[in-house]
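One-letter residues, chain by chain:
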Amino acid sequence: MRKPIIAANWKMHKTAKGAEDFLEQFKPLVVTNKEVDIVLCVPFTLLSTVSQGIKGSLIALGAQNMYPEEKGAFTGEIAPGMLLEFNTKYVIIGHSERREIFGETDEFIKQKVNKALEVGLTPILCVGETLEEREKGFTEAKCRKQIEAVFKGLDKNLAQQIVIAYEPIWAIGTGITASSEDAEETIAYIRKLLAGIFDEVTAEAVRIQYGGSVKPGNIKELMAQPNIDGALVGGASLEPESFAKIVNFKE
Ligand code: PGA
């Protein structure tokens, strides 16, 4: 059985005060929830505050990006060891905003995933198609390209540690969610790809999230799908009550 994993992606939001206020309200709301892995992927400037704030809870810390080198002349970048210093467990890699706004390529994303795995960080690897690609019927081809770029040639034990987030770009921040059936269809396809690259057992072990306008109102339906193992949540993760409702979807 795959344990559900629900991650907040705070993107470029919140200051330390905002993060403290969030935790004060959020922690009591999820304290009894042991059935879901809860992750907060926060801006680098909040790693310290949130790391302190979640001590003693079951909430895990995540970052939103990293550079695939230990150290060096990479102005403005963050090394994996810098994330580990704050007990960071997860790192989002290849979010569509990184790919589209900052020009990250599949090759660069593969380097980042490999580096994260090497140092013991769990990558949350984002894949997904644009609206134009969906309308042209290229959804599967796009996901296949992004998945194969990272997983082909990878050791299957390492592959199982990766969390995949399927995020159709047209559903991110737009209020338009993929229907749970559409999300399930593409996520089932991604699992089939993994079975082809590795084997059934490996494919069944990998956790695949859906992301894109996930809200308290649609999480139940998404989580009822057999292949959807969790969610990566942007906008609705900024408010403690709404994110707690998503995390506590079973109640
Ligand atoms: P959203 O963002 O929930 O605001 O659509 C999701 C994401 O980009 O990870």
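Anything mentioned here points back to the structure above.
Cut-offs used in this document
Residues numbered from 1 in each chain as written. Predicted model: local features only at pLDDT ≥ 70, side-chain atom pairs only at ≥ 80, totals over all residues. Heavy atoms only, no water. Near = heavy atom within 4 Å. Polar contact = N/O pair within 3.5 Å; in protein donor to acceptor, adjacent residues only side chain to side chain. Nonpolar A, V, L, I, M, F, W, Y, C, P; charged D, E, K, R; others polar. Helix = DSSP H or I, 4+ residues; strand = E, 2+ residues; numbered from the N terminus. Expected span 1.5 Å × (residues − 1). Buried < 20%, exposed > 50% of the residue type's maximum accessible area, 1.4 Å probe, protein only. Contact = heavy atoms within 4.5 Å. Pairing = 2+ DSSP bridges. Axes fitted to C-alpha atoms, helices over the stretch in contact; angles between N-to-C directions.

Chemist: Report on the site of the ligand, specifying residues and quantitative values.
Modeler: Taken together, 13 residues lie near the ligand, and Lys11, His95, Glu167, Gly173 and Ser213 sit nearest. Glu167 is positioned such that a nitrogen or oxygen atom in its side chain is 2.7 Å from an oxygen atom of the ligand. Gly173 is positioned with one of its backbone polar atoms (N or O) 2.6 Å from an oxygen atom of the ligand. A class-by-class count of the residues in the shell around the ligand yields 4 nonpolar, 7 polar and 2 charged.

Chemist: I'd like to hear about helix α5 (residues 106-119), residue by residue, with values.
Modeler: In this model, α5 (14 residues) spans 20 Å end to end at C-alpha, consistent with the 20 Å of a helix rising 1.5 Å per residue. Looking only at α5, the buried set comprises Asp106, Ile109, Lys110, Lys112, Val113, Lys115, Ala116 and Leu117. Tucked inside the fold, the buried residues of α5 contact α3 (80-84), β4 (90-93), α4 (96-101), β5 (122-127), α7 (139-151) and α8 (156-159). In the stretch just after α5, Gly120 is the one whose phi turns positive, near 90°.

Chemist: An account of the sheet that holds strand β2 (residues 37-41) is requested, with residue identities and associated values reported.
Modeler: Read around the closed barrel, 8 strands run β1-β2-β3-β4-β5-β6-β7-β8, paired in parallel fashion. Between one strand axis and the next, the sheet turns by 25° as a mean value, whatever way the strands run. Sheet analysis places strand β1 (residues 5-9) next to β2, joined by 5 bridges and oriented parallel. In the strand pairing of β2, Ile5 is matched with Asp37. Where helix α1 (residues 16-30) meets the sheet, it contacts β2 and β3 (59-63), and its direction lies at approximately 170° from that of β2.

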